[in-house]
Amino acid sequence: MSGKAELTIKFIVVGGGIAGLACAIALRRVGHRVVVLEQYSDADVSKMSHGGIRLPPNVSKVLFHWGLERALRQVSVTSSAMEVEIYETGEYIGTHLWEAEVLRETGGDFLFLHHEGLRKVLYDAAIAAGAEVRAGTKVASVSGDGPHVTLTSGETLLADVVVGADGRSSVVQQAIVGKDVFDGAPYQSLFYNTTVPGELMRADPQLAPFFKKPVETMFVWLGNNRSAVAFRIGGKDEFALHLWVPPRQKGLSDDDCWGGGLDLKEMRRQLGECEPRLLKMTKLAATPSRVQVKMVPPIEDWVDQHGRMAIMGEAAHPLPVCRILAGRRNGCRRRRYQISTFLHAFQDLREDRCASVVHTEQCNLYFQMLPAGPQQEQRDQDMRAKTAQGESVFGGGEASEQWEQLKELWGYDAEDEADDWWVKWGLLRERAKQRSLDMEAEMHAARLSSLRMRA
């Protein structure tokens, strides 16, 4: 399905983060009217845009297709390799180079950038495409019955469709599902996201080598119920640092915190036994954000009973790590009765895929944080053996399975899947619907003819 939609629909997108802005761009590309409502002011959003983001190839290729490659290249670096270390000691385990053939097939690159940089690229693109973005606009309630959004100011906004891209504890999700799915789920670990100034790292003899690798590298530390990831990010002279630590540590806080105010000393106390370079990086780090990592069961309904509200992004499928998913929203083609069909098609297209991605990320995180024991020892020995033989650390065994899952994830093309759905099922459904309408019209005409004859 390409080109402009024949029926222009008004969408209200609740949430002006990465998912909401990407949704707005996709909808404007096919000609729909879009208003994005972001509860935080621009200044607050800037404060909350902590840390780095990894954009895998399946996402970057969609954004490249939207004409954003140049803007993204200016604020990102392209990763070529991953280096694996032991969290507690810093022992080097091995390296994996991203396979050039895999990246060529995906049509994208593995990009590292600052959260704030990505949001600005998407915000500028959404505005340029004609979307209206209202910052500092908090939603009190939503309804798919005569679709509308009520703001805390008392104002009511009408739409044809309401999209919830408002994160884990989503207002739209709660209106559809009837409860806060994320809040009630148990959490498995705490995730810290921060950055370290590059200038300070280069001034330290132990940290300077992170900047001297022959190719752009992501560093991964495997630990006992702990893990860390670090990588250079584009647009700023900074290194991103992601940390996963056990939950509910005695005497330490564990609530979500995005807007600053976290004590760096408390984050360091969460580290447990770790190698010296990680400890140094946390001492130089900026104020982090912290979120609870939860394994949320799949949400059954992404679309409300009226077929006029839908959820997407983390409102529909919370991820356990800081990655981005991208998809495509089909444009309703001719009539308003098609809106419900297309919203349900969105779930049909994305549900299995997103469940697979969430499962893969959960497996990856478990693999990184294996508790001390036989399975962890076998994992490390396998990697050491591959390195000794001059092979990639993901060349076989359990690690190889993780890499194969990633390759499958990266090769996915959301826009091709949407087009395939339309060809295979969308046209069929629309023809069946049209045939049903034609039959109703014929029957109605026959009844009228019969009545005239009797008269």
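As shown above, the structure is provided for reference.
The following refers to the structure shown. What you see is a predicted model; the values in this text were computed from it and never measured. (Residues numbered from 1 in each chain as written. Predicted model: local features only at pLDDT ≥ 70, side-chain atom pairs only at ≥ 80, totals over all residues. Heavy atoms only, no water.)

## Observations regarding the overall build of the protein
How we decide: A run of DSSP states H or I qualifies as a helix once it reaches four residues; a run of E qualifies as a strand once it reaches two. Both are numbered from the N-terminal end. Whether a residue is buried, partly exposed or exposed follows from its accessible area with a 1.4 Å probe, protein chains only, as a fraction of its type maximum: under 20%, in between, or over 50%, in that order. Contact criterion: two residues are considered in contact whenever any of their non-hydrogen atoms come within 4.5 Å of each other. Per-residue and other accessible areas were derived by the Shrake-Rupley procedure at a 1.4 Å probe size, with only the shown protein chains allowed to occlude residues.
Assigned secondary structure in the protein consists of 13 helices and 18 strands. Taking all 455 residues of the protein together, 53% fall into the buried category. Pairs at least 24 apart in sequence give 74% of the contacts found in the protein among residues at least 6 apart. Accessible surface computed for the protein: about 20200 Å², of which carbon and sulfur atoms make up 50%.

## Structural notes on the nonpolar core
Basically, it comes down to this: Joining through side-chain atoms within 4.5 Å is the link that ties buried Ala, Val, Leu, Ile, Met, Phe, Trp, Tyr and Cys residues into a set, and such a set is a nonpolar core.
The biggest cluster of nonpolar side chains holds 65 residues, and the ones touching the most others in it are L55, L63, L72, L118 and V149. Among the elements that line this core, the one with the most residues is helix 1 (residues 18-29), at eight residues. Beyond its immediate sequence surroundings of up to four residues, V149 is in contact with I12, V14, L37, V139, S141, V142, E155, T156, L157 and V162.

## Some remarks on the packing of helix 3 (residues 57-74) against helix 5 (residues 115-129)
The criterion, for reference: Lines fitted to the C-alpha atoms define the axes, with helices restricted to the stretch that makes contact. Angles between their N-to-C directions range from 0 to 180 degrees. Oblique is the label for any angle not covered by the other classes, which are roughly parallel (under 35 degrees), roughly antiparallel (over 145) and roughly perpendicular (65 to 115). Rotating anticlockwise by less than a right angle from the far helix to the near helix defines a left-handed crossing, while the corresponding clockwise rotation defines a right-handed one. Throughout, the ten residues Ala, Val, Leu, Ile, Met, Phe, Trp, Tyr, Cys and Pro are labelled nonpolar, Asp, Glu, Lys and Arg are labelled charged, and all others, Gly among them, are labelled polar.
Running from amino to carboxyl end, helix 3 crosses helix 5 at an angle of 125°, the nearest separation of the two axes being 11 Å. Classed by the angle they form, the pair helix 3 and helix 5 counts as oblique. Relative to helix 5, the crossing made by helix 3 is right-handed. Two secondary-structure elements touch here, helix 3 through L63, L68, A71 and L72 and helix 5 through L118, V121, L122 and A125. Residues belonging to the contact of helix 3 with helix 5 are distributed by class as follows: eight nonpolar, no polar and no charged.

## Describing unusual backbone geometry
In the Ramachandran plot, N225 falls in the positive-phi region, its phi being about 60° despite a non-glycine side chain. Inspection of the secondary structure assignment puts N225 in the loop between strand 14 (217-222) and strand 15 (227-233).

## Comments concerning the sheet that holds strand 10 (residues 148-151)
Let me state the cut-off plainly: Strands pair, by our definition, only if DSSP identifies at least two bridges between them.
Strand order in the open sheet made by the three strands is 9-10-11, with antiparallel pairing throughout. One side of each edge strand has no neighbouring strand; the edge strands of this open sheet are strand 9 (139-143) and strand 11 (156-158). Within this sheet the neighbouring strands show an average axis-to-axis angle of 20°, counted without direction. Here strand 10 runs beside strand 11; their pairing, made up of three bridges, is antiparallel. Considered in strand 11, the bridge of V149 is made with L157.

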